[in-house]
Structures are given as structure tokens and as C-alpha cells.
Amino acid sequence: MRDALVAAAFQLFLERGYEQTTVDDIVALAGVGRRSFFRYFPSKEDVVFPDHERCLTDMTAFLAASGEEHEPVRRVCDAARLVLLMYAENPTFSVQRYRLTKQVPGLRAYELSVVWRYERALAEYLRERFAGLRDGTLQADVIAAAVVAAHNNALRSWLRSDGQGDASAGVDQALGYVQSTFGIAPPPPPLRAEGPEDVVVVVSRRGAPLWRVVQEIEATLDRG
């Protein structure tokens, strides 16, 4: 029923235009009553964004399941990728919605409110992780805004290309900038000796050039 209402709505939006389509038109095409429509969507605007509530719920659960072992900036970048996956599930629908949103000021305002809710979810998680740090709240808010901006920049580029190509590549690159700027790089793995360690002692005259010292070390190792 929910999918049928969305399909009917977008068919009419494309044929008549968003402003010219009413809820009555949508339910008539879908073959259901008004009560059924409002059971799924509080308003006509909500039928344009039918999947954001689910995605926001998934993102909140993903962040809530985080542990101390998760680097916080990487974690919010991974959370933002859930939004990308939602768009990539149905590229045709996502491109249609993008075009429609650009044409209708009310939908652009609605979309901004949705984006703000994503940003708030990321910021709240980071505030908890940065609690007690100097300027922790400021850092959390700035990083959350940067993640959303980077994600949306790459996402819109993909939508402007009519959903062609790999959407994740551009988003990964954009989020990589955020990670490299604000994140904590993992420590390098410890060096592991494959065999017993050798101790090499080389006696060289004072003032010998470095290349000569290296040559003597290599010769000693070769003899060993």
C-alpha cells in the first residue's frame, strides 16, 4: 500500500506537476481512500520523502550500537553512508525526487529540515563521545556539519549525473577529507621480525661518508 501510494504520487507529479496534484488525486489513482494515505504519510510532502524516517531510525540505531573501540569521526562517516545506500537502492526514483525538489520551494525547505535531523543525530553522538574534552560540543557540531556537507556534495553530483556511475566512490572521497582532517589515524602495526634478530657491528673511520657506512653494513650482512 505504501509503495503503491508513492508510485501513484510520482506518476501524477511527473504528469501534472507537484502543485497541481492533490491527495485526492493520489488516492484515486492508487485505488484507496484518504484514510489509507494519512495512515502512512502525514502530508503530501511526506510522500516525496518516504524513506527518510526509516533511514534516520537506522542511523540512530547504528550510532547507538557504537562502542569505545570505534573511532568517532570514522563512525559518523560510516553512518552517513547509510543515507547514500538509501538513495542508491533506487537511482531512478532518487533522480526524479531530486529534480522535483529543485522545482518546488516547499520541498526544498522540507528537505533541509530532514538534512538537519541527520546532522543533529550525528552531532548528538559526537557530543557524547567528546564529553569532557575542551570545546567538545563545538568540535562535535563542526564535524557533524562537515560530514553532512561532504556527503551531500558528492550525493548531489551523482544525482546531477542522472544516477550514473558509482555513487559510493564520490562519497568515499568526500568523507575521506573529513576523516583526514578531523579523525584520528590508527596506529601503525608493530613490526614483526620473521626470524631471530641480528646485531651488526661495523667499525668505520671517523668522517667516512654515509654511503660508505651503508655499503659496509650491506657487505657484512651479505657475508652473514
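Cut-offs used in this document
- Residues numbered from 1 in each chain as written.
- Predicted model: local features only at pLDDT ≥ 70, side-chain atom pairs only at ≥ 80, totals over all residues.
- Heavy atoms only, no water.
- Phe/Tyr/Trp six-rings, centres within 6.5 Å; stacked < 30°, edge-to-face > 60°.
- Buried < 20%, exposed > 50% of the residue type's maximum accessible area, 1.4 Å probe, protein only.
- Lys NZ or Arg CZ within 6 Å of the ring centre and 35° of its normal.
- 1 Å grid on protein atoms, 1.4 Å probe; cavity = no way out; pocket = protein on both sides within 12 Å on 5 of 7 lines; lining within 4 Å.
- Points joined across faces, edges and corners; volume = space filled by probe spheres on them.
- Helix = DSSP H or I, 4+ residues; strand = E, 2+ residues; numbered from the N terminus.
- Nonpolar A, V, L, I, M, F, W, Y, C, P; charged D, E, K, R; others polar.
- Patch = residues over 30% accessible without salt bridge, like charges linked within 9 Å, V, L, I, M, F, W, Y side chains within 5 Å.
- Areas by Shrake-Rupley, 256 points an atom, 1.4 Å probe, with all protein chains shown as cover.
- Salt bridge = Lys/Arg side-chain N within 4 Å of Asp/Glu carboxyl O.
- Axes fitted to C-alpha atoms, helices over the stretch in contact; angles between N-to-C directions.
- Parallel < 35°, antiparallel > 145°, perpendicular 65-115°, else oblique.
- Contact = heavy atoms within 4.5 Å.

Asks: Help me understand the packing of aromatic side chains, please; the structure alone is not making it clear to me.
Replies: The description of an aromatic ring pair uses the distance of the two centres, along with the angle that the planes make with each other. Under the criterion given, the structure shown has 7 aromatic pairs. Centroid distance Phe-13 to Tyr-18: 5.0 Å. Interplanar angle 55°. Geometry classified as tilted. Take Phe-13: its relative accessible area is 4%, and that puts it in the buried class. An aromatic cluster of at least three residues, connected via ring pairs, comprises Phe-10, Phe-13, Tyr-18 and Phe-93. It is Lys-44 that lies over the ring of Tyr-18; its NZ or CZ is 4.1 Å from the centre. Sitting above the plane of the Phe-62 ring, Arg-75 keeps its charged end 3.8 Å from the centroid.

Asks: Sorry, what's going on with the layout of surface pockets here?
Replies: Regions of empty space are outlined by a rolling probe, equal in size to a water molecule, passed over the atoms. Size it by volume and the largest pocket reaches roughly 210 Å³. Along its surface, the largest pocket is lined by Arg-2, Asp-3, Val-6, Ala-7, Pro-50, Asp-51, Arg-54, Met-86, Glu-89, Asn-90, Phe-93 and Ser-94. Broken down by secondary-structure element, the contributors of at least two residues to the lining of the largest pocket are helix 1 (2-16), helix 6 (72-89) and helix 7 (91-103). For the lining of the largest pocket, the leading source of residues is helix 1, giving 4 residues. Among the residues making up the lining of the largest pocket, the classes are represented as 5 nonpolar, 2 polar and 5 charged. Taken together, 15 residues make up the lining of the second largest pocket; nearest its centre are Asp-46, Phe-49, Pro-50, His-52 and Glu-53. A breakdown of the residues in the lining of the second largest pocket according to their chemical character gives 9 nonpolar, 1 polar and 5 charged.

Asks: Just checking my understanding: could you explain empty space enclosed by the protein for this structure?
Replies: Per the stated rule, a full pass over the model turns up 1 cavity of 30 Å³ or more. Computed from the structure, the largest cavity encloses a volume of approximately 240 Å³. Surrounding the largest cavity, 20 residues form its lining, Val-83, Val-115, His-151, Asn-152 and Leu-155 being those nearest its centre. Those elements that provide at least two residues to the lining of the largest cavity are helix 5 (52-64), helix 6, helix 7, helix 8 (105-129) and helix 9 (136-160).

Asks: Could you clarify how one ought to interpret a nonpolar patch on the surface in this entry?
Replies: A surface patch of nonpolar side chains, amounting to about 260 Å² of accessible area, comprises Leu-138, Val-142 and Phe-182. Here Val-142 is to be found in helix 9.

Asks: How should the pattern of salt bridges be read in this particular structure?
Replies: Once their charged atoms are close, side chains differing in charge can pair, the charge on each being opposite to the other. In this structure the tally under the stated criterion is 11 salt bridges. Two residues, Arg-117 and Glu-53, come together in a salt bridge whose shortest N-O distance is 2.6 Å. Here Arg-117 is found in helix 8, whereas its partner Glu-53 is found in helix 5, with 64 residues between them in sequence. A salt bridge links Asp-58 to Arg-54; the nearest nitrogen and oxygen atoms lie 3.8 Å apart. Of this pair, Asp-58 and Arg-54 both sit in helix 5, 4 residues apart, which is roughly one turn of the helix. Overall, Arg-54 belongs to the partly exposed group, its relative accessible area being 39%.

Asks: Whenever I open this one, the packing of helix 5 against helix 8 confuses me. Can you help?
Replies: Orientation of helix 5 relative to helix 8, taken along the N-to-C sense of each, is 5°, at an axis distance of 10 Å. The angle between helix 5 and helix 8 places the two elements in the roughly parallel class. In contact with His-52, Glu-53, Cys-55, Leu-56, Met-59, Thr-60 and Leu-63 of helix 5, helix 8 contributes Val-114, Arg-117, Tyr-118, Ala-121, Leu-122 and Tyr-125. Looking at the contact of helix 5 with helix 8 residue by residue, the classes come out as 9 nonpolar, 2 polar and 2 charged.

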